[in-house]
Each structure stands twice: as structure tokens, then as C-alpha cells.
Amino acid sequence: MTTVDRNPWHLWRRWVAANAGGELVGLGGTFALTVYFFTQVADGGGAAAIGLTFLFAVLSGVVEATVVGLAQWWALHPWFPAVGRRTW
């Protein structure tokens, strides 16, 4: 088992890096998928396209939140080892 660096600046840097990286991957990935989705599916218009766009927006939010949550768990896990990944 490794020891945890109790320096608060280490925790802060790790937290900021985890959130920045999580948002970069999460938001960047969902943005790329959204651009692809809108150029391929949503151009058709109509109620079906609107419904699919809404569903896609919700699902992309779930993906982004999951990526950020996993990054946050990774950052804080050494300080809070009892909190599991799924719990976080």
C-alpha cells in the first residue's frame, strides 16, 4: 500500500488536473459525436429528428458526466479509499 501525500496543494493540483482532463475528454468527445450526429441524422428535420436529437443530447450528457466522475474518483481515491468508484 502506498502512502498518501497529505500536502493540500498536491490534492488541489490532482483535483484540478482530473477535472480538466475529464472535461477535455468528456466534453470534447461528446462535442465530436454531436457534430457527427447532427450532420448525419438531424438534417432531416421533423419530429423523429427532434426526438433523436433530444435522446442523443441526454445520452451524451451521461457519457460526459461518467468520464468526469471517474476522473474525480481517481483524484480523490488516495485520500478517501473507502469510497468506491461506483459510489462516487
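Structure's up top.
Rules of the game
Residues numbered from 1 in each chain as written. Predicted model: local features only at pLDDT ≥ 70, side-chain atom pairs only at ≥ 80, totals over all residues. Heavy atoms only, no water. Helix = DSSP H or I, 4+ residues; strand = E, 2+ residues; numbered from the N terminus. Contact = heavy atoms within 4.5 Å. Areas by Shrake-Rupley, 256 points an atom, 1.4 Å probe, with all protein chains shown as cover. Phe/Tyr/Trp six-rings, centres within 6.5 Å; stacked < 30°, edge-to-face > 60°. Buried < 20%, exposed > 50% of the residue type's maximum accessible area, 1.4 Å probe, protein only. Lys NZ or Arg CZ within 6 Å of the ring centre and 35° of its normal.

1. Here we look at the overall build of the protein
Argument step 1. From N to C terminus, the protein includes 2 helices and 0 strands.
Argument step 2. Of the contacts formed within the protein by residues at least 6 apart in sequence, a portion of 64% connects residues at least 24 apart.
Argument step 3. Surface exposure of the protein reaches about 6,400 Å², of which carbon and sulfur atoms provide 71%.

2. Things to note about the packing of aromatic side chains
Argument step 1. Throughout the structure, instances matching the rule amount to 1 aromatic pair.
Argument step 2. With 5.7 Å between their ring centres and 80 degrees between their planes, W9 and W12 make a pair best called edge-to-face. Taken as a pair, W9 and W12 lie in helix α1 (residues 8-40) at a separation of 3 residues, close to a single helical turn.
Argument step 3. Residue class for W12 comes out partly exposed when judged on its relative accessible area of 49%.
Argument step 4. Its end group placed over the ring of W74, R14 keeps NZ or CZ at 3.9 Å from the ring centre.

Everything listed here is a matter of coordinates, which is why it stays silent on function.
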